[in-house]
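# Close look at the chain arrangement
In case you want the letters, here they are:
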Amino acid sequence: MDWLERVAKLRRWAGNGARAPHKPLLLLYALGSYQRDAGGELRYSVVEEELKRLLAEYGPAHPTTPAYPFHHLVNDGVWEVRTDLGEGSPGSGVGVLRSSGATGRLASDLRASLVREPSLLGRLVRVLLDAHFPPSLHVELCEAVGLDLESAETGAVSGAEAAVRRQRDRRMRELILTAYEFQCAFCGYDGMLGASAVGLEAAHVRWWSHDGPDEVDNGLCLCSLHHKLFDKGVLGVGDGHRILVSQRFVGRSEASRRHVLALTGRPVIGPQPGVLPVARRHREWHARQVFHGAAREAG
């Protein structure tokens, strides 16, 4: 069975060019859950709110419900549902999915294929991302569903490695954005699309790939531009939680002056009272390992 082809051809309602990412989002969420706990199940009443948030942020603008894909994804052969009474979905109604104790998980044949070929997980994720979402959202989506795409694509690890392999905390983005009150800690940008923040990201100060923890004192809420510049070493955070700008950065336009050079020496915005700011050890790691050269003097 070609799982890649099956996933690429998920049956979706489509008309007049409308997007229908409901099934792809549920399947991405299920793959993330499988990566963390291969034997686990997703009870509808428990995951409903998280799935709603995913649909609100990455789905179409009109109101929708996760009950639809939870029931109908079964027809694609990649998903199975059971209730307290046994195998099979009770239907696509929200009430019956809740009251019946409906749980879902990847189909048994797909789970068996993933055991035989662990790198299949990463390929399935790539198919879903490439087919349904622009590249600019891929990393953010993986974080939202708790997927570690790098380890998914490398495939199998030894038993000892699996026992100690770190798992990302998929709550990190929400915790960081809340701590900084949904605004960029460098420029104050606070854009929303409906009820969802747009263009705001949770940045690790000490990178997760280099033992940086998924904790609020290792994070900053940054807009997409300043996150990129922070990770490239153009920007940093110094003593007194003031913004550092590298002397090596050159920008001659008014936009560069306003959005980058003018940040020199400004205090970081946030976090809100009662929340730990970036820990000194993480700031110093970033200054040593990421920040480029010496910092500019505040004018």
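As the structure is a computational prediction, the values presented were derived from the model and not from experiment. (Residues numbered from 1 in each chain as written. Predicted model: local features only at pLDDT ≥ 70, side-chain atom pairs only at ≥ 80, totals over all residues. Heavy atoms only, no water.)

Grouped together as the largest cluster of nonpolar side chains are 42 residues, with contacts concentrated most on Leu-27, Phe-70, Val-78 and Trp-79. In terms of residue count, the dominant contributor to this core is helix H2 (residues 22–36) (eight residues). Ala-179, Leu-220, Cys-223 and Leu-229 belong to the second-largest nonpolar core, a separate cluster that totals 29 residues. (Core = buried A, V, L, I, M, F, W, Y, C linked by side-chain atoms within 4.5 Å. Buried < 20%, exposed > 50% of the residue type's maximum accessible area, 1.4 Å probe, protein only. Helix = DSSP H or I, 4+ residues; strand = E, 2+ residues; numbered from the N terminus.)

Moving on, we come to helix H3 (residues 44–58). An ideal rise of 1.5 Å per residue puts 21 Å on 15 residues; H3 measures up with 19 Å between its terminal C-alpha atoms. Taking the largest bend as the criterion, H3 deviates by roughly 30 degrees, centred on Glu-50. Of the positions making up H3, those classed as buried are Tyr-44, Val-47, Glu-48, Leu-51, Leu-54, Leu-55 and Tyr-58. (Expected span 1.5 Å × (residues − 1). Bend = angle between axes of the 7 residues up to and from the residue.)

Before going further, it helps to spend a moment on the pattern of salt bridges. Counting across every chain of the model gives 16 salt bridges. Note that Arg-111 is salt-bridged to Glu-80, the shortest N-O span being 3.2 Å. With Arg-111 in helix H6 (residues 108–116) and Glu-80 in strand S2 (residues 79–83), this residue pair connects regions lying 31 residues apart in the sequence. Of the charged contacts in the structure, one is a salt bridge between Arg-280 and Glu-284, with a shortest N-O distance of 2.7 Å. Residue Arg-280 and its partner Glu-284 are located together in helix H14 (residues 280–289), separated by four residues, close to a single helical turn. The class for Glu-284 is partly exposed, based on a relative accessible area of 32%. Several salt bridges share partner residues, and in doing so they unite Glu-41, Glu-80, Arg-105 and Arg-111 into one network. (Salt bridge = Lys/Arg side-chain N within 4 Å of Asp/Glu carboxyl O.)

Another point: the sheet that holds strand S3 (residues 86–87). The four strands lie next to each other as S1-S4-S2-S3, forming an open sheet whose pairing is antiparallel. Among the strands making up the open sheet, the edge pair consists of strand S1 (42–43) and S3. When S2 meets S3, the two strands line up antiparallel, connected through two bridges. Considered in S3, the bridge of Arg-82 is made with Glu-87. Running at roughly 80 degrees to strand S4 (residues 103–106), H2 makes contact with S1, S2 and S4 of the sheet. (Pairing = 2+ DSSP bridges. Contact = heavy atoms within 4.5 Å. Axes fitted to C-alpha atoms, helices over the stretch in contact; angles between N-to-C directions.)

Here we come to the state of the cysteines. Counted by the stated rule, this structure contains zero disulfides. Cys-142 takes part in no disulfide bond, and the closest cysteine sulfur, belonging to Cys-221, lies 20 Å away. Free cysteine: Cys-184, not disulfide-bonded; nearest cysteine sulfur from Cys-187 at 3.7 Å. (Disulfide = S-S within 2.5 Å.)

What follows is about the confidence of the model for the chain. Here the chain averages 88 in pLDDT, while 91% of its residues score no lower than 70. Per-residue pLDDT stays below 50 along residues 156–165; that stretch engages in five contacts with residues further than four places along the chain or on separate chains. (pLDDT = per-residue confidence, 0-100.)

The next thing to look at is helix H8 (residues 138–145). All buried positions along H8 are accounted for by His-138, Glu-140, Leu-141, Cys-142 and Val-145. Gly-146, located one to two residues past H8, shows a positive phi value of around 75 degrees.

Tallied over the full model, the rule gives four aromatic pairs. With a centroid separation of 6.0 Å and 70 degrees between ring planes, the pair formed by Phe-186 and Phe-230 is classed as edge-to-face. Linking Phe-186 in the loop between helix H11 (172–179) and strand S5 (192–193) with Phe-230 in helix H12 (residues 224–231), this pair joins segments that are 44 residues apart in sequence. The two residues Phe-186 and Phe-230 agree in class, both being buried. When the centroid spacing of 6.0 Å and the interplanar angle of 65 degrees are considered together, the rings of Trp-207 and Trp-285 count as edge-to-face. With Trp-207 in the loop between strand S7 (200–204) and strand S8 (219–223) and Trp-285 in helix H14, the pair connects residues that are 78 residues apart, well separated along the chain. Judged by its relative accessible area of 6%, Trp-285 falls in the buried class. These aromatic residues form a ring-pair network of at least three members: Tyr-44, Phe-70 and Trp-79. (Phe/Tyr/Trp six-rings, centres within 6.5 Å; stacked < 30°, edge-to-face > 60°.)

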